[in-house]
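Descriptive structure summary
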Amino acid sequence: MSSLPLKAAGKHLPPSWRIQDTTAAPYAFQDDPYLIPTSSVESRSFLLAKKSGEKAAKFIINLHPKYFQKDIAEPHIPCLMPEYFEPQIEDISEAALKERITLKKVKASVDMFDQLLQAGTPVSLETTNRLLDLLCYYGDQEASTDYHFQQSEKSKELEEATEETDEKSKKKAGHQFGVTWRAKNNAERIFALMPEKNAHSYCTMIRGMVKHRAPVQALNLYTELLNNRLRADIHTFNALIEATAMTNEKLEEKWNNILELLKQIVAQKMKPNLQTFNTILKCLRRFYAFGKLPALQTLREMKAIGIEPSLATYHYIIQLFYHYDAPSKGSSLVIYDIMNELTGKKFSPQDPDDDMFFQSAMRVCSSLRDLELAYQVHGLLNTGDNRKFIGPDHRRNFYYSKFFSLLCLMEQIDVTLKWYKDLIPSVFLPHSQTLIDLLQALDVANRLEMIPQIWKDSKEYGHTFRSDLKEEILKLMARDQHPAELQVAFADCAADIKSTYESQDARQTAPDWPANALNCIAVLFLRAGRIQEAWKMLGLFRKHNKIPRNELLNEFMDSAKASNSPAQAIEIVKLASAFSLPVCQGLTQRLVADFAISQEQKEALGNLTALTSDSSSDSDSDISEGK
Amino acid sequence: MAAPVCRRGLGPRVLSWSRQLPCTWSALHTSAVRAKNRAARVRVGKGDKPVTYEEAHAPHHIAHRKGWLSLHTGNLDGEDHAAERMVEDVFLRKFMLGTFPGCLADQLVLKRRANQVDICALVLRLLPAHKFYFLVGYSETLLSHFYKCRVRLHLQTVPSKVVYKYI
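Residues numbered from 1 in each chain as written. Chains lettered and ligands numbered in written order. Predicted model: local features only at pLDDT ≥ 70, side-chain atom pairs only at ≥ 80, totals over all residues. Heavy atoms only, no water.

As annotated in an unreviewed UniProt entry, chain B is Mitochondrial ribosomal protein S24 from Rhinolophus ferrumequinum. Chain B has a UniProt comment under Subcellular location (unreviewed entry) that states "Mitochondrion". If you open the UniProt record of chain B and go to Sequence similarities (unreviewed entry), you find "Belongs to the universal ribosomal protein uS3 family." (UniProt positions renumbered as here; feature names shortened; annotations may be inferred.)

Chain A goes by Small ribosomal subunit protein mS39 in an unreviewed UniProt entry, where it is assigned to Rhinolophus ferrumequinum. What UniProt states about chain A under its Sequence similarities (unreviewed entry) heading is, verbatim, "Belongs to the mitochondrion-specific ribosomal protein mS39 family." UniProt lists a comment for chain A under the heading Function (unreviewed entry), and it reads "Mitochondrial RNA-binding protein that has a role in mitochondrial translation."

Below you can see the structure in the form of structure tokens.
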């Protein structure tokens, strides 16, 4: 695959038909400079704040539904009516149990079931199955823990139970991650109490056990199912495949067990669905190198049966072949085959993991440093409705950061700048690392005149106090000599950066200017002819205990010569000797040679150089230059 | 009102015994009361009272120098429910005044377009931005559920009340 950086200009420009307005922030935000987010952290916090406001409003509405009953909408809008979360039927009957199950109240429905059994009323198989569904789905915890403040006065135990679950779920990311299947919990108890069980009961129990990480019990229950000569449905088989992969056996054993299950599916004349294959691939991810051949076999089998793979399928394959712990260990060409197949296809959501595809594809492109492939992936993203699969904020930011970094690395600078205008800030807000990549691209392409503009943009994106970004900017500006107007622009930019350091100083107790920054700012002032400010910078070196570089002192000497003032030159030499720099001697010689100084000054200089030449021999070893 | 001045025969008629002296005693006034119009006007003071453009102009300047604060089609020929719109307006203004405590810099502008209500508010930068977003989400949802139609909030922030002149 050729990845030449030179390509015909205009071939891969950002599309001009893009639906989004590139000059505006996303429309979810209010259109006001104070209310537009400047970094990805802020944008996330604003959207979360808005959502929490909506939830607070819904809480109030559901707390006082009688004020929101007046229905003036024609036709009726059900989503704008208050919802009822409390069960209405109070007596002990099967209808009450059904209502509690519909309202997803786990504890209340279990209590109602127990009361019904104690009263002696038989509960129908269907309702018991629905109760089992509820219990297995939520793993015997309360359903919606985020509405836990919506409780009636009498359920104090409920409050304690939800506090426990809150603590458990606070530890993990999602509110179901921390839920494990306890032995002898309500689901198992009710299952044991059932007088007759049908296939549905067994299947839902198995799926619940697998969801909440109890694979051994699930497999045991499956054997019991087979002993009762019942048949499992395809979803249960998917769960069993996952259970097999979760057990603690060797990889070949696990794979053989999975193949056994697949044979049983065929024997029962059922057709596997997309979820079956996706589950197999998801489990194969953990098999590392062993899983590569079976994964390809699975993919071929899928196509042979005629099931269209979804984006999640390809995501699992990419993860398997391009594991990010071992980036280029025998990097395969699978990604190119995948992209060739996927180009131009439109997808619809079929698997919860579909939105991980673009992130992993772009990660691979970035590690392979292949720009053509990245354009292919981006083209796929823009086909049809595939934009929906970009995923939540952090995934989108990751995708675009990697894409833009790759562009900075590999693409011509004009095209990169066009993408820069297109993507930032309407699609994603850049990290400081992205901006540093852009600066290095500008450096390579010799377009350093854009640097003041980039600095202005960085301030807008909240990177005013990022020292690595500022040091990079200063370093690039100060490295070479430039024509006069550019030098002036650079000096203005340096003054601006200096003021940000100063305001940072005012806030902190221990001022900390990096020596690099001091050096670069001083050089830039000198070159632009702002001599006074440059001399002030020299004073700052002393104050912050940082050492000026040799080249800097030489430049100061040059400027002193240009302005023909021996006093300044003597100042420089004094400063150099105060820092005990070895270059002091060279400077003194220059001073004597180029300037006309009086006799006392020469003697004073003589003393200074004597001091420094004595101490320079032992300070040579421990001088720490620069930082 | 003590001295009777005859203006086109419609001046205040005061019963007085003498025609030569100006009346300085309290007498019975029998003419109609003509109170000054006080609607939506800020009375002129010493020159230290800051007023916004909206407050500075009296209602007779609407459609000449001012626009409307509430835009709906209820007052057009053949359209009805103007009164309901007015009641909704009152509720919306009170609601916003309470929800954004001390933050509103000027009167709300309410626009009704198709089936949605756009509330355009000028707010001061008293709260941090995420608190504004919380209040926006809250008001939009609550008002949408109350009026069974989409309610959108458009905020524009200003650093302080925009003074037009000092009167």
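All names here are of chain A. In this model, chain A carries an average pLDDT of 80, and 86% of its residues clear a pLDDT of 70 or more. Per-element mean pLDDT across chain A ranges from 42 in helix α5 (residues 156-171) up to 93 in helix α1 (residues 40-63). Counting interchain partners and residues more than four positions distant, the pLDDT-below-50 stretch residues 1-10 has 16 contacts. (pLDDT = per-residue confidence, 0-100. Helix = DSSP H or I, 4+ residues; strand = E, 2+ residues; numbered from the N terminus. Contact = heavy atoms within 4.5 Å.)

Moving on, we come to the sheet that holds strand β3 (residues 109-113) of chain B. All names here are of chain B. The strand order across the open sheet built from four strands is β2-β3-β4-β5, with neighbouring strands paired in mixed fashion. Two strands lie at the open edges of the sheet, namely β2 (70-71) and β5 (150-158), each paired on one side alone. Pairing between β2 and β3: two bridges, direction parallel. Looking at β3, one finds that S70 is bridged to L110. Helix α2 (residues 82-99) contacts β2, β3, β4 (116-124) and β5 of the sheet and is inclined by roughly 135° relative to β3. (Pairing = 2+ DSSP bridges. Axes fitted to C-alpha atoms, helices over the stretch in contact; angles between N-to-C directions.)

Moving on, we come to the pairing of β5 of chain B. Residue and element names in this part refer to chain B. Looking at chain direction, β4 and β5 are connected through nine bridges and run parallel. Note that in β5 the partner of L124 across the bridge is V158. Traced from β4 through helix α3 (residues 129-147) to β5, the parallel crossover comes out right-handed. (Right-handed = clockwise from strand over helix to strand, strands pointing away.)

A word on the interface of chain B and chain A. Contact with chain B, which involves 25 residues of that partner, is made by 28 residues of chain A. For the pair chain B and chain A, the summed buried area comes to about 2,300 Å², and 69% of that belongs to carbon and sulfur atoms. Taken together, the links from chain B to chain A amount to 10 residue pairs in polar contact (both at pLDDT 80 or more). Elements with a contribution of two residues or more to the side of chain B that touches chain A: α3 and β5 of chain B. With 15 residues, α3 of chain B is the single largest residue contributor to the side of chain B that touches chain A. (Buried area = accessible area lost by both parts, 1.4 Å probe. Polar contact = N/O pair within 3.5 Å; in protein donor to acceptor, adjacent residues only side chain to side chain.)

This brings us to the packing of aromatic side chains. Residues and elements named next belong to chain A. In this structure the tally under the stated criterion is 23 aromatic pairs over all chains. Where F191 meets Y202, the ring centres are 5.3 Å apart and the plane angle is 80°; that geometry is what we call edge-to-face. Here Y202 lies in helix α7 (residues 199-211) and F191 lies in helix α6 (residues 186-193), a separation of 11 residues in the sequence. Here F191 matches Y202 in class, with each residue buried. Taken together, a centroid distance of 5.9 Å and an interplanar angle of 15° make the contact between Y400 and F428 stacked. Within this pair, whereas Y400 is found in helix α17 (residues 393-410), its partner F428 is found in the loop between α18 (413-423) and α19 (432-444), the two being separated by 28 residues in sequence. The class for Y400 is buried, based on a relative accessible area of 7%. A relative accessible area of 1% means that F428 is categorised as buried. What links up through ring pairs into an aromatic cluster is the set F357, F358, Y375, Y399, Y400, F403, W419 and F428. Over the ring of Y137 we find K211, and its NZ or CZ is 3.7 Å from the ring centre. Taking NZ or CZ as reference, K470 lies 4.1 Å from the ring centre of Y501, over its face. (Phe/Tyr/Trp six-rings, centres within 6.5 Å; stacked < 30°, edge-to-face > 60°. Buried < 20%, exposed > 50% of the residue type's maximum accessible area, 1.4 Å probe, protein only. Lys NZ or Arg CZ within 6 Å of the ring centre and 35° of its normal.)

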